[in-house]
Amino acid sequence: MHDHKHGHAHPAHEHHEHAHGGHNGTLLVALLLTLSFAGIEALAGCWSGSLALLSDAAHMLTDSSALGLAAAAAWLARRPPSLLHSYGLARAEVLAALANSLLMLVLIGFIVDEAIGRIATPRDIAGGTVIGVGVIGLIINLIVAWILHRGEQTLNSRAALLHVLGDALGSVAAIVAGIVIVMTGWTPIDPLLSLFVAVLIGISALRLLREVMHVLMEGVPLHIRLDAVGHDLAALDGVLRVHDLHVWTLSSGTIALSAHLEIHNLHDWPDILAAARKVMDTRHGIRHLTLQPEALTAQPLVRSNFTPHSPNA
């Protein structure tokens, strides 16, 4: 008979440092600036007949909803953990980023459809009005982008910033279209530039959507190598093997890790735990740890083993 000595310890949790998202004040200021100009630009677009202005106004309107959603998510992310949500509501920011990226893709589809129709059937456009409103819109968008850039960078704030940068590109397209129309009278430039801007924004929106989905699927953060994490844990003094290793993103700026560490002696666990915390923080930026020590000879049910690098490797 084999005498298996089971050593169990409660999972050791590193101090929680949940990212709290962008400051509500920053997002609310950006929201007010964006919403106030969206109505002005929409009226000017209808009066001048410019798709570039109308699409930019639509951008700014969706920006307003995006910024409002981002502000609400940032507020929810700061709510403390509860009996129902032990991690708090930090994932609200990720969900807001998902909603905003999908909203941007829907808007791009509308602009593309409208632009194709206007290329087939050109319309008269008041170029001077387009230039004037485009310049004002560009200034406001750059101010809002600067405000958001100075705030905390999370998936949530990046999604809102993407909307604003899309607006800035739309304003530039409107200005260029207005200049071309005033100088040459060639109105197809308006929908063509709208298409160009839609493609640029669409690429960025798809990249953000892919990153958001990776977080929601609890994938390993893209800047972290799981094998390097496993080898660093296995290389600690007293550790025999590491298995059931998982690394995922709780919310923007907060990475979590869980693993089982087979060790020589359970009495060494406090020192091993302290060393693991230090290595994970300094080398990988991981501060939320859940580690379970095991002094077992039996094989784990799920094997994904990491061992220290051999000297000749």
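In what follows, the accompanying structure is described. Residue indices follow the written sequence of each chain, beginning from 1 at its first position. Residues qualify for local features only when their pLDDT is at least 70, as the model is predicted, and side-chain atom pairs are given and counted only at 80 or more; totals for whole chains, interfaces and linings, by contrast, use all residues. Heavy atoms throughout the structure, all of them, feed into the side-chain values; hydrogens and water do not.

1. Some points on the overall build of the protein
Under the convention used in this document: Comment: elements are numbered from the N terminus, with helices defined as DSSP H or I runs of at least four residues and strands as E runs of at least two. A simple rule labels every residue: compare its accessible area, found with a 1.4 Å probe on the protein chains alone, to the largest value its type can have, and call it buried under 20%, exposed over 50%, or partly exposed in between. Contact definition: two residues touch when any of their heavy atoms are within 4.5 Å. The accessible surface values rely on the Shrake-Rupley method and a 1.4 Å probe; as for residues, cover is taken only from the protein chains in view.
When its secondary structure is counted, the protein shows eight helices and four strands. Seen in sequence order, the protein has helices and strands lined up from the N terminus as β-α-α-α-α-α-α-α-β-β-α-β. Scored against the burial criterion, the 313 residues of the protein give a buried share of 49%. Within the protein, contacts between residues separated by at least 24 positions form 77% of all contacts whose residues are at least 6 apart in sequence. Total accessible area computed for the protein in this model is approximately 15900 Å², and 65% of it derives from carbon and sulfur atoms.

2. Overview of the nonpolar core
Counted only if it meets this: For this analysis, a nonpolar core means a set of buried residues of the types Ala, Val, Leu, Ile, Met, Phe, Trp, Tyr and Cys, connected via side-chain atoms within 4.5 Å.
In this structure, M104, I108, I189, L193, I201, L208 and V212 are the most contacted members of the largest nonpolar core, which totals 25 residues. Broken down by secondary-structure element, the contributors of at least two residues to this core are α3 (92–120), α5 (155–184) and α6 (189–216). It is α6 that provides the largest number of residues to this core, a total of ten residues. Formed by 23 residues, the second largest nonpolar core is a distinct cluster that contains L245, M280, I286 and L289.

3. What to know about the pattern of salt bridges
For the record, the criterion: Salt bridge, as used here: a side-chain nitrogen of Lys or Arg that lies within 4 Å of a carboxyl oxygen of Asp or Glu.
Under the counting rule described, the total for this entry stands at five salt bridges. Notably, a salt bridge pairs D232 with R283, separated by 3.0 Å at the nearest N-O pair. Here the residue D232 occupies a position in helix α7 (residues 226–234), and R283 occupies one in helix α8 (residues 269–284), the gap between them amounting to 51 residues. Under the relative-accessibility criterion, D232 is labelled buried at 16%. Residue class for R283 comes out exposed when judged on its relative accessible area of 56%. With its nearest N and O atoms 3.0 Å apart, the salt bridge here joins E262 to R241. Taken together, the positions of E262 in strand β3 (residues 254–263) and R241 in strand β2 (residues 239–251) put the pair 21 residues apart, joining distant regions of the chain. In terms of burial, E262 and R241 fall into one category: buried.

4. Some remarks on the environment of Y87
Among the structural elements, Y87 can be located in the loop between α2 (51–77) and α3. Overall, the relative accessible area of 36% leaves Y87 in the partly exposed class. Remark: the alpha-carbon pair of Y87 and L250, spanning 163 residues in sequence, is separated by 8.2 Å.

5. Considerations on the packing of α3 against α6
What counts is decided by this rule: In this analysis, axes come from line fits to C-alpha atoms, helices being fitted only over the stretch in contact, and the angle between any two N-to-C directions falls in the range 0 to 180 degrees. An angle below 35 degrees is read as roughly parallel, one above 145 as roughly antiparallel, one from 65 to 115 as roughly perpendicular, and any other as oblique. The handedness criterion is simple: a crossing whose near helix is rotated anticlockwise from the far helix by less than a right angle is left-handed, and one whose near helix is rotated clockwise is right-handed.
Two elements in contact, α3 and α6, have axes whose closest approach is 8 Å; the angle formed by their N-to-C orientations is 155 degrees. Relative to α6, the element α3 is oriented roughly antiparallel. Where α3 crosses over α6, the handedness of that crossing is left-handed.

6. Focus: the environment of A160
Residue placement: A160 occurs in helix α5. Under the relative-accessibility criterion, A160 is labelled buried at 0%. Distance from A160 to L31, taken between C-alpha atoms, is 10.0 Å for residues 129 residues apart in sequence. In this view, A160 contacts L67, A70 and L148; residues no more than four positions away in its chain are not counted.

7. Concerning a nonpolar patch on the surface
Note the following rule: Patches were defined on residues exceeding 30% relative accessible area and lacking a salt bridge, with like-charge contacts within 9 Å and nonpolar side-chain contacts (Val, Leu, Ile, Met, Phe, Trp, Tyr) within 5 Å.
A cluster of nonpolar side chains, contributed by I119, W186 and L192, occupies part of the molecular surface with about 270 Å² of accessible area. With respect to the secondary-structure elements, W186 resides in the loop between α5 and α6.

8. A word on the pairing of strand β4 (residues 288–294)
Quick note on the threshold: For two strands to be treated as a pair, DSSP must find at least two bridges joining them. Think of it like this: strands point away, you trace from the first strand over the helix to the second, and a clockwise trace means the crossover is right-handed.
A large share of β4 lies buried, amounting to six of its seven residues. Note that β3 and β4 share seven bridges and pair parallel. When the sheet's bridge partners are listed, E262 is paired in β4 with E294. With α8 bridging β3 and its parallel neighbour β4, the resulting β-α-β unit is right-handed.

9. Here we look at the side chain of T187
Tracing the chain through its elements places T187 in the loop between α5 and α6. The exposure class of T187 is buried, given its relative accessible area of 14%. In this view, T187 contacts P122, R123, I125 and I181; residues no more than four positions away in its chain are not counted.

10. Side note on the pairing of β2
Across the 13 residues that make up β2, a large majority, eleven, are buried. Here β2 pairs with β3 via nine bridges, running antiparallel. Bridging across to β3, W248 finds its partner in A256.

11. Looking at helix α4 (residues 127–150)
Test applied: For a helix, the expected span equals 1.5 Å multiplied by the residue count minus one.
For α4, spanning 24 residues, the distance from its first C-alpha to its last is 34 Å, which sits close to the expected 34 Å at 1.5 Å a residue. Within the sequence span of α4, burial applies to G127, V130, V133, G134, G137, I140, N141, V144, A145, I147 and L148.

12. Some thoughts on unusual backbone geometry
The backbone of E218 sits at a positive phi, close to 55 degrees, despite the residue not being glycine. Inspection of the secondary structure assignment puts E218 in the loop between α6 and α7. Taking relative accessible area as the criterion, E218 reaches 47% and is therefore assigned partly exposed.

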